[in-house]
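If you want the building blocks of each chain, they are given just below.
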Amino acid sequence: FKGGKMSIESFSLSGKRAIVSGYLHPWGEPSAQALAEAGAQVILATLPPRETRALAKEMGGLALPTPTRAEAIRRTVEQAAQGGKIDILVNCFDVAFAQPLLEMEIAEWRKVLEANLTPLFLWCREVGRHMVGQKGGKIVNMASLLGERAVANCTAYCTSMGGVIQFTKALSLEW
């Protein structure tokens, strides 16, 4: 605060490097734009690829592949860390799914949990290795309100979003 007013400088991310992973919509694009406006160098590892490249170009950032498998994420994180540290990770995994539980197949259940939780775990683990090594960093994991407030016919999605919330809480205690 300066003279009772909040200073915009207190929100400056100038000189910081941020990765946004997952999907551009609904959370990735606004997150990336806010980080860029605050002065961060933004690296997008989001889907869909064409929109990701266009947004990265518009923001003066960098677009990298959006892998969801462990080894590919490790390589992408190493590429993102070249020439500097990784200060911020924003995970935006949101594959929505609605179907009554009694009609749901195990494959559909697994697909939703795998899409929303596994890449989040992998990105946190790989970027976390860098952040722990550099003794600092921030991780933001986006989750729908349906992780706390359930709705009918969205059991798999609500469960996955609740998993994101609990994962984030447990990880914050661990690190």
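Let me begin by describing the structure that accompanies this report. Starting afresh in each chain, residues are numbered from 1 along the sequence in its written order. Reporting in this predicted model follows two pLDDT cut-offs: at least 70 for local features of residues, and 80 or more for side-chain atom pairs to be given and counted; totals over whole chains, interfaces and linings ignore these cut-offs and use all residues. By convention in this description, side-chain values take in all heavy atoms of the structure and omit both hydrogens and water.

## Describing the overall build of the protein chain
This is how the line gets drawn: Numbering goes from the N terminus for both helices and strands, where a helix is a DSSP run of H or I of at least four residues and a strand is a run of E of at least two. The globule rule used for comparison is 2.2 Å times the number of residues to the exponent 0.38, while the radius of gyration itself is calculated over C-alpha atoms. Exposure classes here rest on a 1.4 Å probe applied to the protein chains alone. A residue is buried below 20% of its type maximum, exposed above 50%, and partly exposed in between. A contact between two residues is defined here by any heavy atoms of the two lying within 4.5 Å. Residue exposure ignores everything except the shown protein chains as possible cover, and the areas themselves are Shrake-Rupley values with a 1.4 Å probe.
When helices and strands are counted, the protein chain shows six helices and five strands. For the protein chain, the N- to C-terminal ordering of α and β elements is β-α-β-α-β-α-β-α-α-β-α. The globule rule puts the C-alpha radius of gyration for 175 residues at 16 Å, and the 17 Å found for the protein chain is close to it. Judged by the C-alpha coordinates and their principal axes, the protein chain covers about 55 × 45 × 35 Å. Taking all 175 residues of the protein chain together, the buried fraction comes to 38%. The long-range fraction of contacts in the protein chain, counting pairs at least 24 apart against all pairs at least 6 apart in sequence, stands at 67%. Surface exposure of the protein chain reaches about 10,000 Å², of which carbon and sulfur atoms provide 56%.

## Some thoughts on helix α4 (residues 106–116)
Since the α-helix packs 3.6 residues into each turn, any two residues three or four apart lie on the same face. Condition: Think of it as the arc spanned by the lines of direction from the helix axis to the C-beta atoms.
Every buried residue of α4 is accounted for by Val 112, Leu 113, Ala 115 and Asn 116. Take α4 and look down its axis: the buried residues cluster within an arc of 165°, on one side only. In α4, the exposed positions angled more than 90 degrees off the buried face are occupied by Ala 107, Arg 110 and Lys 111. Summarising the contacts, the buried residues of α4 are in contact with α5 (118–133) and α6 (155–174).

## Re unusual backbone geometry
For the bond from His 25 to Pro 26, the omega torsion is 10°, close enough to zero to count as cis. Residues Leu 47 and Pro 48 are joined by a peptide bond in cis, for which omega reads 0°. Topologically, Pro 48 is positioned in the loop between β2 (41–47) and α2 (49–59). The phi angle at Lys 135 is positive, at roughly 60°, despite the residue not being glycine. Tracing the sequence through the fold places Lys 135 in the loop between α5 and β5 (138–141). For Asn 153, which is not glycine, the phi dihedral falls at a positive 70°. With respect to the helices and strands, Asn 153 occurs in the loop between β5 and α6. Here Asn 153 falls in the partly exposed class, since its relative accessible area comes to 40%.

## Brief notes about the packing of α4 against α6
As a reminder of what qualifies: Every axis corresponds to a line fitted to the C-alpha atoms, with the helix fit spanning only the stretch in contact, and the corresponding angles, defined between N-to-C directions, vary from 0 to 180 degrees. Relative orientations are named as follows: roughly parallel for angles under 35 degrees, roughly antiparallel for angles over 145 degrees, roughly perpendicular for angles from 65 to 115 degrees, and oblique for any other angle. Two helices that cross are described as forming a left-handed crossing if the nearer one is turned anticlockwise from the farther one by less than a right angle, and a right-handed crossing if clockwise. When residue character is reported, Ala, Val, Leu, Ile, Met, Phe, Trp, Tyr, Cys and Pro are called nonpolar, Asp, Glu, Lys and Arg charged, and the others, Gly included, polar.
The N-to-C vectors of α4 and α6 enclose an angle of 25°; their axes lie 9 Å apart at closest approach. Judged on the interaxial angle alone, α6 and α4 are roughly parallel. Judged by the twist between their axes, the crossing of α4 over α6 is right-handed. Of α6, the residues touching α4 (which contributes Trp 109, Val 112, Leu 113 and Asn 116) are Thr 155, Ala 156, Tyr 157, Thr 159, Ser 160, Met 161 and Val 164. Split by residue class, the contact of α4 with α6 holds seven nonpolar, four polar and no charged.

Scope: geometric values only; no functional claims are made or implied.
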